[in-house]
Amino acid sequence: MDLTNLGKVLETESKFRIKQAREAVYKNFISDWSEATFFSKDLRDKLNIECPLEIKADVLVSKKEDSVKARITLNDGLMIESVLMRHSDGRNTVCVSSQVGCPLGCLFCATGKMGLERSLTTEEIIEQVLFFSRYLKKENQTVTNVTFMGMGEPFLNYENVWGAVKIFNDYKYFNIGVRSISISTAGIIEGIKRLSQEELHVNLAISLHAPNDNLRKSLMPIDKKYPLGEVLKAVADYIEITKRKVMFEYVLIKDVNDSDENAKELAKIMGNNKLYFVNLILYNDTGIYKASTTERVERFREILEKLKIRYTQRYRFGDDIQAACGQFATNK
Ligand code: SAH
Ligand code: SF4
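Residues numbered from 1 in each chain as written. Chains lettered and ligands numbered in written order. Predicted model: local features only at pLDDT ≥ 70, side-chain atom pairs only at ≥ 80, totals over all residues. Heavy atoms only, no water.

Q: Can you help me understand the site of ligand 1 in this one?
A: Near ligand 1 lie 21 residues; those nearest to it are Phe-108, Gly-152, Ser-184, Ser-207 and His-209. In this structure, an oxygen atom belonging to ligand 1 sits 2.6 Å away from a side-chain N or O atom of Ser-184. A distance of 2.5 Å is found between an oxygen atom of ligand 1 and a side-chain nitrogen or oxygen belonging to His-209. Burial of ligand 1 by the protein amounts to 96% of the accessible area it has alone, namely 530 Å². The cavity where ligand 1 resides is the largest cavity. If you list the elements that add at least two residues to the shell around ligand 1, you get β8 (181-185), β10 (246-252) and β11 (276-282). (Near = heavy atom within 4 Å. Polar contact = N/O pair within 3.5 Å; in protein donor to acceptor, adjacent residues only side chain to side chain. Areas by Shrake-Rupley, 256 points an atom, 1.4 Å probe, with all protein chains shown as cover. 1 Å grid on protein atoms, 1.4 Å probe; cavity = no way out; pocket = protein on both sides within 12 Å on 5 of 7 lines; lining within 4 Å. Sits in = over half its atoms within 2 Å of the grid points. Helix = DSSP H or I, 4+ residues; strand = E, 2+ residues; numbered from the N terminus.)

Right, dumping it as structure tokens:
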């Protein structure tokens, strides 16, 4: 897909027609301009050549059929991955990428191992949700939630991520509620600050993964630049302004961050803040480390429960198609 020339091709058209064209793409999810019958045949043909709508993607469906991975080839040949998760309650969540690769190099993450190729444009971020909107349209369904938990660090591509968020939320287009849009960050403080100033209060998630700097540094090199205390301070300020809940993601890795001590320390930093909650994630294999045993996960949860820490455990989608958290990579 490439809409760069849309404005130019529709230069002589009325404002109303331009609005109609955008709605055809972002609301009615057309995949070919021939469907935009409000334009003349000549114009539709021209649009198909100069503003192609085709999204090049390979699709993989998990055995349980609850996740679908799209490997999208961008116009410059680079590839990204996005996943559709179909929840049993009817929600359809798309997990989108914000960058090709990621520069932050967290040791447990497949994307981190790729390094950064480049950031995505707003259109490339939108394209991922569009792909699944077209896919679901065939079943009379829509994308209900978007999470920025695919490849890349969204706050290192703030402008373009935010450009996409606005289109997702716009009632004229995707019409996805702000509370159904989530951004996960490894703790880029400037991004957290900036988000707190936005009018649209989307959900914020922080990749914590360790309850102290020593351990966190060994898993997430970015902790050296943005230590835990500073990240937590930025989150407290964010809550002060927005009054929104914040999710702290914690991947349980065998013998690394899953001890009783770690759980107690985690509980301590969560304190009794009613707007904090922990999201426990089962480690998905990316070559290094092992997932915590079921008994360990149970024990970890028990401790959090006893210490009255609010927590949820993430359902594991799509690990058989390498579509689970942290398994996104496109240079294999
Ligand atoms: N860069 C952002 C968003 C993308 S990662 C961030 O780090 O928050 C989305 C989530 O998947 C993060 O919480 C990340 O830490 C987690 N993750 C990464 N590797 C994982 C793995 N191997 N198993 C489970 N979760 C993983
Ligand atoms: Fe980047 Fe997030 Fe992976 Fe860390 S976990 S390397 S920040 S994508």
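Q: Any chance you could explain the layout of surface pockets here in plain terms?
A: Where empty space is left in the structure can be found by rolling a water-sized probe over the atoms. What the largest pocket holds in volume is close to 830 Å³. Around the largest pocket sit 35 residues that line it, and Thr-147, Met-149, Met-247, Asn-279 and Arg-314 are the ones nearest its centre. Residue assignment for the lining of the largest pocket shows that the elements contributing at least two residues are β3 (79-86), β4 (92-95), β7 (145-148), β9 (203-207), β10, β11 and β12 (311-313). Here the element with the most residues in the lining of the largest pocket is β11; it accounts for four residues. A breakdown of the residues in the lining of the largest pocket according to their chemical character gives 18 nonpolar, eleven polar and six charged. There is about 170 Å³ of room inside the second largest pocket. Looking at the second largest pocket, the residues that line it are Phe-29, Ser-31, Glu-35, Glu-54, Ile-55, Phe-131, Arg-134, Tyr-135, Lys-137 and Lys-138. (Points joined across faces, edges and corners; volume = space filled by probe spheres on them. Nonpolar A, V, L, I, M, F, W, Y, C, P; charged D, E, K, R; others polar.)

Q: How do you make sense of helix α3 (residues 41-50) when you look at a structure like this?
A: Since there are 3.6 residues in each turn of an α-helix, residues three or four apart along the chain are aligned in direction. All of the buried residues in α3 are Leu-43, Arg-44 and Leu-47. The arc that holds the buried residues of α3, viewed along the axis, is 100°, so those residues lie on one side. Among the exposed residues of α3, those oriented more than 90 degrees off its buried face are Lys-41, Asp-42 and Ile-49. Buried residues along α3 sit in contact with α1 (6-9). (Buried < 20%, exposed > 50% of the residue type's maximum accessible area, 1.4 Å probe, protein only. Arc of directions from axis to C-beta. Contact = heavy atoms within 4.5 Å.)

Q: Is there a simple way to explain the packing of helix α7 (residues 189-197) against helix α9 (residues 228-242) in this structure?
A: Close contact between α7 and α9 brings their axes to 9 Å; oriented N to C, the two are set at 5°. Taken together, the axes of α7 and α9 lie roughly parallel to each other. On α9, the residues that touch Ile-189, Ile-192, Leu-195, Ser-196 and Gln-197 of α7 are Glu-230, Val-231, Ala-234, Val-235, Tyr-238, Ile-241 and Thr-242. (Axes fitted to C-alpha atoms, helices over the stretch in contact; angles between N-to-C directions. Parallel < 35°, antiparallel > 145°, perpendicular 65-115°, else oblique.)

Q: How do you make sense of the site of ligand 2 when you look at a structure like this?
A: Taken together, Cys-102, Leu-104, Gly-105, Cys-106, Cys-109, Gly-112, Gly-152 and Ala-186 are the residues near ligand 2. For the shell around ligand 2, the per-class residue count stands at five nonpolar, three polar and no charged.

Q: Help me understand the domain arrangement of the protein chain in this model?
A: It is common to report an interface's size as the accessible area lost on association of the parts. According to the domain assignment, the protein chain consists of domain 1 (6-50) and domain 2 (57-330). Computed over C-alpha atoms only, the centres of domain 1 and domain 2 are separated by 35 Å. The partner domain 2 presents nine residues to the eleven residues of domain 1 that form the contact. Overall, the association of domain 1 and domain 2 removes approximately 950 Å² of surface from exposure, summing both partners, and the carbon and sulfur fraction of that is 66%. There are zero salt bridges connecting domain 1 and domain 2. Our count for the contact surface shared by domain 1 and domain 2 stands at two residue pairs in polar contact (both at pLDDT 80 or more). When grouped by side-chain class, the residues that make up the side of domain 1 that touches domain 2 number four nonpolar, two polar and five charged. (Domains from an automatic or database assignment. Buried area = accessible area lost by both parts, 1.4 Å probe. Salt bridge = Lys/Arg side-chain N within 4 Å of Asp/Glu carboxyl O.)

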